[in-house]
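# Topology and contacts: notes
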4 protein chains.
Amino acid sequence: MILTLKLDVTEKQIQETITKIEELGFKAHTSRGAQRVTLGVIGQNAASYREVFEGYDWIESITLISKPYKLASREWKKSDTVVSVDGLEIGAKRIVVVAGPCAVENSEILLQIAKAVKKAGATILRGGAFKPRTSPYSFQGLGEDGLKMLADARSETGLKIVTEAMSPSQVELVSRYADMLQIGARNMQNYDLLKEVGQAEKPVLLKRGMSATVEELLMSAEYILSQGNKNVVLCERGIRTFETSTRFTLDLNAIPVIKRQSHLPVIVDPSHGTGVRSLVPVMAGAAVAAGADGLLIEVHTEPNRALSDGKQSIYPETLKETIERIRAIAECLGREV
Amino acid sequence: MILTLKLDVTEKQIQETITKIEELGFKAHTSRGAQRVTLGVIGQNAASYREVFEGYDWIESITLISKPYKLASREWKKSDTVVSVDGLEIGAKRIVVVAGPCAVENSEILLQIAKAVKKAGATILRGGAFKPRTSPYSFQGLGEDGLKMLADARSETGLKIVTEAMSPSQVELVSRYADMLQIGARNMQNYDLLKEVGQAEKPVLLKRGMSATVEELLMSAEYILSQGNKNVVLCERGIRTFETSTRFTLDLNAIPVIKRQSHLPVIVDPSHGTGVRSLVPVMAGAAVAAGADGLLIEVHTEPNRALSDGKQSIYPETLKETIERIRAIAECLGREV
Amino acid sequence: MILTLKLDVTEKQIQETITKIEELGFKAHTSRGAQRVTLGVIGQNAASYREVFEGYDWIESITLISKPYKLASREWKKSDTVVSVDGLEIGAKRIVVVAGPCAVENSEILLQIAKAVKKAGATILRGGAFKPRTSPYSFQGLGEDGLKMLADARSETGLKIVTEAMSPSQVELVSRYADMLQIGARNMQNYDLLKEVGQAEKPVLLKRGMSATVEELLMSAEYILSQGNKNVVLCERGIRTFETSTRFTLDLNAIPVIKRQSHLPVIVDPSHGTGVRSLVPVMAGAAVAAGADGLLIEVHTEPNRALSDGKQSIYPETLKETIERIRAIAECLGREV
Amino acid sequence: MILTLKLDVTEKQIQETITKIEELGFKAHTSRGAQRVTLGVIGQNAASYREVFEGYDWIESITLISKPYKLASREWKKSDTVVSVDGLEIGAKRIVVVAGPCAVENSEILLQIAKAVKKAGATILRGGAFKPRTSPYSFQGLGEDGLKMLADARSETGLKIVTEAMSPSQVELVSRYADMLQIGARNMQNYDLLKEVGQAEKPVLLKRGMSATVEELLMSAEYILSQGNKNVVLCERGIRTFETSTRFTLDLNAIPVIKRQSHLPVIVDPSHGTGVRSLVPVMAGAAVAAGADGLLIEVHTEPNRALSDGKQSIYPETLKETIERIRAIAECLGREV
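Residues numbered from 1 in each chain as written. Chains lettered and ligands numbered in written order. Predicted model: local features only at pLDDT ≥ 70, side-chain atom pairs only at ≥ 80, totals over all residues.

### Here's the deal with the overall build of chain A
Within chain A, the secondary structure is distributed over 11 helices and 14 strands. Summarising its shape, the C-alpha atoms of chain A cover approximately 75 × 45 × 40 Å along the three principal directions. Per-residue burial over chain A gives 60% buried out of 337 residues. A sequence separation of at least 24 residues applies to 66% of the contacts in chain A between residues at least 6 apart. (Helix = DSSP H or I, 4+ residues; strand = E, 2+ residues; numbered from the N terminus. Buried ≥ 20, exposed ≤ 12 C-beta atoms within 10 Å, placed from the backbone. Contact = placed C-beta atoms within 7 Å.)

### A look at the interface of chain D and chain B
Between chain D and chain B, the residue contacts involve 30 residues of the former and 30 residues of the latter. Contributions of two or more residues to the side of chain D that touches chain B are made by α7 (214–226), α8 (254–261), α10 (280–289) and α11 (316–332) of chain D. If you tally residues by element for the side of chain D that touches chain B, the top one is α10 of chain D, at 5 residues. In terms of residue class, the side of chain D that touches chain B is built from 16 nonpolar, 11 polar and 3 charged. (Nonpolar A, V, L, I, M, F, W, Y, C, P; charged D, E, K, R; others polar.)

### As for the relation of the copies chain D and chain B
Between chain D and chain B, which share one sequence, the superposing operator has a rotation angle of 180° and an axial displacement of 0.0 Å; the RMSD is 0.0 Å. On the angle and the small slide along the axis, the relation comes out as a two-fold axis. No C-alpha of chain D approaches the rotation axis more nearly than that of A286 of chain D, which lies at 2.2 Å. With an isologous cut-off of 70% or more, the 100% of interface residues of chain D that recur at the interface of chain B puts this contact in the isologous class. (Least-squares fit on C-alpha atoms with pLDDT ≥ 70 in both.)

### A closer look at the packing of helix α6 (residues 191–198) of chain B against helix α7 (residues 214–226) of chain B
Residue and element names in this part refer to chain B. Direction vectors running N to C along α6 and α7 enclose 40°, while the axes themselves pass 7 Å from each other. In terms of their interaxial angle, α6 and α7 are classed as oblique. Of the two possible hands of crossing, α6 and α7 adopt the one that is right-handed. Packed against α6, whose contacting residues are Y191, L194, K195, V197 and G198, the element α7 presents S220, Y223, I224 and S226 at the interface. The class makeup of the residues in the contact of α6 with α7 is 5 nonpolar, 3 polar and 1 charged. (Axes fitted to C-alpha atoms, helices over the stretch in contact; angles between N-to-C directions. Parallel < 35°, antiparallel > 145°, perpendicular 65-115°, else oblique. Left-handed = near helix turned anticlockwise from the far one by under 90°.)

### As for the confidence of the model for chain A
Across chain A, the average pLDDT comes to 93, with 99% of residues at 70 or higher. Here the complex is predicted with pTM 0.89, and the ipTM for its interfaces comes to 0.88. (pLDDT = per-residue confidence, 0-100.)

### A look at the interface of chain D and chain A
Counting residues at the interface gives 21 residues for chain D, matched by 21 residues for chain A. Every element with two or more residues in the side of chain D that touches chain A is listed here: β1 (2–5), β2 (27–32) and β3 (37–42) of chain D. Class assignment of the residues belonging to the side of chain D that touches chain A gives a composition of 6 nonpolar, 12 polar and 3 charged.

### Let's talk about the relation of the copies chain D and chain A
When chain D is fitted onto chain A, the two copies agree to an RMSD of 0.1 Å after a turn of 180° and an axial shift of 0.0 Å. Of the interface residues in chain D, 100% have counterparts in chain A that sit at the interface too, so the contact is made through matching surfaces.

### Brief notes about unusual backbone geometry
Here the phi dihedral of D86 of chain C falls at roughly 50°; this positive angle occurs in a residue that is not glycine. Residue placement: D86 of chain C occurs in the loop between β5 (83–85) and β6 (88–90).

### So, the sheet that holds strand β4 (residues 59–63) of chain C
Residues and elements named next belong to chain C. Read across the sheet, 4 strands follow the order β2-β3-β1-β4 without closing on themselves; strand pairing throughout is antiparallel. In the strand order of this sheet, the two ends are held by β2 (27–32) and β4, each with one partner. Across the sheet, the mean angle separating the axes of adjacent strands is 20° when strand polarity is ignored. Contacts from helix α1 (residues 11–23) reach β1 (2–5), β2 and β3 (37–42), with the element oriented near 10° to β3. (Pairing = 2+ DSSP bridges.)

### Here's the deal with the environment of V232 of chain D
Residues and elements named next belong to chain D. By the element assignment, V232 lies in strand β12 (residues 232–236). Remark: the alpha-carbon pair of V232 and I90, spanning 142 residues in sequence, is separated by 9.8 Å. Beyond its immediate sequence surroundings of up to four residues, V232 is in contact with V204, L206, A221, I224, L225 and L264.

### Details of the sheet that holds strand β10 (residues 180–183) of chain B
Residues and elements named next belong to chain B. A barrel is described by the order of its strands in space; here 8 strands give the closed sequence β7-β8-β9-β10-β11-β12-β13-β14, paired in parallel fashion. Sheet twist, expressed as the average angle between the axes of neighbouring strands with direction ignored, equals 25°. Pairing of strand β7 (residues 96–100) with strand β8 (residues 124–126), which is carried by 2 bridges, proceeds in the parallel orientation. Residue pairing for β8: V98 is matched across the bridge by I124. Its contacts with the sheet place helix α8 (residues 254–261) against β12 (232–236) and β13 (266–268), and it is angled at close to 170° to β13.

### Here we look at the packing of helix α3 (residues 107–120) of chain D against α11 of chain D
Residue and element names in this part refer to chain D. Interhelical geometry of α3 versus α11 gives an angle of 25° and a closest axis separation of 8 Å. Classified by the interaxial angle, the pair formed by α3 and α11 is roughly parallel. Remark: the crossing between α3 and α11 carries right-handed chirality. Between α3, through A116, V117 and A120, and α11, the contact on the second element is made entirely by P316, L319, K320 and I323. Residues of the contact of α3 with α11, tallied by class, amount to 6 nonpolar, no polar and 1 charged.

### Brief notes about the pairing of strand β14 (residues 294–298) of chain C
Residue and element names in this part refer to chain C. Buried residues dominate β14, accounting for 5 of its 5 residues. A two-sided burial pattern is seen for β14, the buried positions comprising G294, L296 and E298 on one face and L295 and I297 on the other. Direction of pairing for strand β13 (residues 266–268) relative to β14: parallel, over a ladder of 2 bridges. Each residue of the ladder has a partner; that of V268, found in β14, is L295.

### Focus: helix α6 (residues 191–198) of chain C
Residues and elements named next belong to chain C. With 7 of 8 residues buried, α6 is to be regarded as a mostly interior element. The complete set of buried residues in α6 reads Y191, D192, L193, L194, E196, V197 and G198. Structurally, α6 contributes buried residues whose contacts are with α5 (171–177), β10 (180–183), β11 (204–207) and α7 (214–226).

### What to know about α11 of chain D
Helix length check: α11 of chain D (17 residues) gives 25 Å between terminal C-alpha atoms against 24 Å at 1.5 Å per residue, within 8%. Among the structural elements, α10 (280–289) and α11 (316–332) of chain B together with β7 (96–100), α3, α10 and β14 (294–298) of chain D are those in contact with the buried residues of α11 of chain D. Backbone geometry just after α11 of chain D places G334 of chain D at a positive phi near 80°. (Expected span 1.5 Å × (residues − 1).)

Next comes the structure, spelled out in structure tokens:
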């Protein structure tokens, strides 16, 4: 960590800062430039003391040399992490397709969709039993009944199940039914929830917040990892920008950026990421070309009647074509679907 | 709600849409333009059925005529809401200053700060006992011990207390100690938490998410209001933009925009909103000129030693000058501090 | 175009608006909902009169039914436009690779790079003779000398040449040397420049502004098309967002969005779009998977010595690998490189 | 300037970098931390060589210690610059109100508006003769005829005149009529235009680009200053964010930020900055409270008939009230209107 001091810093202030650095157990490394003085703070974990120095009036700026996350970093673990979802691997050679309705609506429709996505080539079923909705007047999900329907669909089809937990007190319940716990974008910085799933036995699908930087996403992963749960899959799902032709701006750059910084697998959600049904197949292909380890796609047999997000749900036939498209791209890049 | 149909829509699809509109209990109003057909969906609450129509392939776009929130709207309640925090009014003529440290650190420092901010003119003490922190390795707050210290500071000074609840299970505990419950920016769309404070007896300070639109902020307020808690104060605290010279971009436009759309009081947090100590006094003044009903300001007697956000905390003397500044502005606009 | 009137609109104001609509030669179509009155403005080109109505106090909002651009729209011209750059087609089955240094530095290095990119598979040489630079103290380009070096490189290699014109008065000069005129991102809304290249004989490469919506990009294309120049190629080059791990956020969603709205070819610049050398090959592949008709890539034989943007320039060997990668992806999607 | 090297940098690469630093005439200052090596580049103007180092593979990041602008910086000139517009001062104690129509439409309306804004308290008349318009089909301005009408309005009223030049070739013409040259937001990085007005005799009003950082605004000012024209007034006019309740997000934080970094005067345009007529008076007051040296306000006697931007134009009576409001605020802050 490097502290750049203000032009008018006094010798007394420089000394006070050095004393503080040494008090904290670090070495201070002073560099006097043509105009400026900078102080290096040298030692393990110096970055985590950043805030101590932010309060000093005479410090112009602070530069971090190390990343603020550790367990999530590529430096900590060089090899790619492969996460097992009840035996199904995410992050290995095979690209995984997670598909299903936005919300679980009833057992009949869910089973119909589950069979259809399995036939199309998906291996994990998604579907919300607890739904974070912008409006208190929108359908809020079926709760535990929805979880049971998911479990039934698993029995019938052999698909694995991923579904969202919205608050710490739901984690135990959702863990009983699901193979993988989803943390939604709006909860990416719900730290009590992150700590709770960090202590769960199930792998976690952590969605990027709509205005979270890649670094913040990795910090949220660090919360989970630091509690002992090593099975975290990250998910890019679109960020909020000024552009309005898509609901969010799916940020595919995040995939290679994360791959450089972290060992964790990354999947992409082109359904929420674009919010437009007709863009899903082409952006799914682009995501695979950008290095995604999997896709999370909303599918509904009757999107016009879906209780939420029908606008971005594709038909099972379109899923089949999408999987053919991504398979072709995956194979020419040495991967499989 | 107006549905604009695609250029190549068929007569059969138009009829199917009209049938659906009527099934839902609305009147359909067809308008055939030079090129386009549009369908008006006429009746109370049509907007809440928006998603039903989003799934239709032949609908190009949907335009809402009414707002998606109701209880939070100025149309629902014309007069300004005044929220009572144990007798202290927010939203009335007098502008309220909430001040205190970012986090409660120990009882001695807290009391020192509490006395100082009271002397400077603040009437509510802020301070986090539960702290949402980006890093799992940062100070996470003192929990209930911190709440007790806040309650002690109240006894000593007579200041009211506002502090954050981070998860539904903390609401009851925090309510026991605090006069007002704070929902942090990262939890603005933590819907289980919103529902919980919606059932609490205490007023709620709801901070705008860093990438939330004004409409989304009002939708989150609607969650609380719809549970029966009518005492909601909104707080602008900076949004995330491309600009990096400030930590966030304090969006003062939001104040008059909210005042037009909603009857709820609005306060402003220039400390988080700018992230820069030296900008706090001037932006506090600008906030009052923009119509703010109060200010939320981080104050510390020793910002250099603060365990969090020292960079943006001001000294008690600066708070005093800031309050003099805003008092002058308030008075020339017919308000008081 | 639909005008939604305010709740408290008077009958007199409604009539005044209808009169205005009819004065302008349109038909007014009145719809009276449960709460609101809306007025449809029916007729060709109604949208271009939007501003006339924006000034009315009693109009709550205005919804455009048609797009504000015409010649650039897919509705105007259904089939894909193929632009010829001195015989080389952009927008046809073959994906085009434009490569070269950020700036033309001297004839020797330029020729070295030109030969290298040709060998790697590029067919158009890029290189700036006039350089828009953030700092007045940075290298500003060689001007006409640079143009001559580009022309010499063309004679030697047979590559086509694209280079930027920064102001209306340069257009004639640049047209004398270049096969294609580039409009840079910072000049996307330099309307005098757009009009000038709209009258030039050469095809135009129009880069998206860093904060321009897709609609604004198409409006800028409309400027050029409306002057008679039908040969416009659009270029996505990254937008400005809050994310800082890349210099800009390359917005690949823009490709399928543009393809739906417009008939014009689209190429992608992953060099400026990410600003990070190591991300260029993978994002180039993702761009092709997203439907790009070409790529614009910065290449330098000695990036460490480049006078500008060396950070994002790749080596010729990396270009070769990149082209192999995109060829594989292109072929599995039925295209060629 | 500090270069942070990658973890796996070799001793040979470190030496090569040091050699380069010394070749450029700087001193290299090596600091070896627990994990990282950093190199300080010490000497005047090191920052302007930033790009030389950006191309090095083994450099992880580059930190600027000095600002990239010089003549625009507060460090270069400590005292506030006061710009004279034909004798009228901007940046002194008195806050200046610039008002007028968006576009000059005809001499009669212009004169009517000019008289009205003068009566309300404005001292400079604004109005576009050359108009940058998103659509090629919108009114493009009256050109030189418009300039003559402005000059006539000056003769009649004694108001000073500011109007926009859109391309280098217009600068001489506009200078003949105007007292101050405006550079519009879309042209903030039109460098040929900046250089041209940098050589003009008239003061320049430089508007911030809608997605320009404060640093980029100051870099554009540096272009003008470096050509010898010392009379630059900056203008905040709203930035592009995700928020849609206002047309742009007026960024009042920019005012105190600029005041810290630069000696140049700053004025604010709440008309473009919000795009909503009813927000103009309150945001004008907030701008003055934030330290603005002036305001740029669109006024029209018949906004409903304005040929452009009527939506955000206020009536002369509202201007009068607005000026009374800002006068009250200004006076309690020790300034005048």
